[in-house]
Amino acid sequence: MTIPALAAATGTDRMLLIETFVRIVEAGSLSAAAAQLGGTQPTVSRRLQLLERTLGVRLLQRSTHAIRLTEDGRRCYERAKELLASWQSLENDVRGAGEELAGTLRVVAPHAFGQNQFMDALAQYLRQYPRMRVEWLLHDRVPDFIAENIDCAIKVGPVQDPSVVAVKLGEVPRSVMAAPSLLAGGPVPEHPSELARLPWLALRTFYRDEVSLTHVDSGEVACFEIQPRLSTDGLYALRKAALLGLGAGIASAWALRDELASGQLVQLAPAWRAAPLPVYLVYAPSRLQPARLRRFIEIMREHLPVELRARQDAA
């Protein structure tokens, strides 16, 4: 079985068949692949069947609950990924020759990250393409890309929508912190069992009534329930409440750097960490990705904040 056998698919976009197959494998189902490609499940199924007929092999074993690659399918998948990468490289080289971007890019970013962590990368984009304008919109939800005319969004936390393309940028480490006044002169708690007795603040986007911590060396996991005195969806509000001594909370390490260095906040159970949060750049799938978006994605990945890059390099 070889990719050149696709010549038999006369009149059909052979790259589309290959892309559809790769999307099915990576999305995990025909329906999810159809959503990402902006088509229907029957269309995706017909493309898969045509690819299988053209190659003369079965690529996937399908059941009502799952799909599984056959041995031929695994070989085809690896070759197909290489072929798509080569094609993308060709498109980038041809389209990028003498390319001078101009126009407007509309990006949605989380409030906290959008005001701090990604401003250097944004500045690099604007310096490199002086004729570009950027609308940098700060809110924490993933937008309706088509209805709101949004090019892409930065998302902190898991991406649940299978109809979008999500490029992982890195991970944000998180730890437990509190003001020294909350401890009333007592020692800094070392174990999660000591934390359960404290008053708590909740960043409700990521935790509400339960805390789960993992020991950085042993991998031991400890969970306990909380009844937060204050729940908020704002990272800066959580940090301010902690500074005022209202309770302990979990927050991104970068947001606490200055306060921890000055002693205004202290890290509790320092050998334990909350699960890091993934950070994605999300956009609507399209076979004709605008150059302004392609270059923005590349620059965002090239100029990651130090905290995210460290987590990514360690992975």
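Residues numbered from 1 in each chain as written. Predicted model: local features only at pLDDT ≥ 70, side-chain atom pairs only at ≥ 80, totals over all residues. Heavy atoms only, no water.

Per an unreviewed UniProt entry, the chain goes by HTH-type transcriptional regulator DmlR and derives from Achromobacter ruhlandii. A UniProt comment under Sequence similarities (unreviewed entry) is attached to the chain, and it reads "Belongs to the LysR transcriptional regulatory family." (UniProt positions renumbered as here; feature names shortened; annotations may be inferred.)

> Sorry if this is basic, but what is going on with the environment of Pro189 here?
Within the secondary structure, Pro189 is located in the loop between β6 (165–178) and α7 (192–195). The buried category is assigned to Pro189, whose relative accessible area is 6%. Separated by 80 residues in sequence, Pro189 and Ala269 place their C-alpha atoms 5.5 Å apart. Beyond its immediate stretch of four places on either side in the chain, Pro189 contacts Leu183, Glu194, Leu195, Leu268, Ala269 and Pro270. (Helix = DSSP H or I, 4+ residues; strand = E, 2+ residues; numbered from the N terminus. Buried < 20%, exposed > 50% of the residue type's maximum accessible area, 1.4 Å probe, protein only. Contact = heavy atoms within 4.5 Å.)

> In this structure, what is going on with the packing of aromatic side chains? I would like to understand it.
Inspection of every chain in the model, using the stated rule, returns five aromatic pairs. Put simply, the rings of Phe113, Phe118 and Trp254 touch in pairs and so form one group of aromatic residues. (Phe/Tyr/Trp six-rings, centres within 6.5 Å; stacked < 30°, edge-to-face > 60°.)

> Which parts of the structure should I look at to understand the environment of Leu198?
By the element assignment, Leu198 lies in the loop between α7 and β7 (201–203). With relative accessibility at 17%, the residue Leu198 sits in the buried group. When the C-alpha positions of Leu198 and Ala248 are compared, they lie 6.9 Å apart, and in sequence the two are 50 residues distant. Leaving out residues up to four positions away in the same chain, Leu198 has contacts with Ala248 and Leu268.

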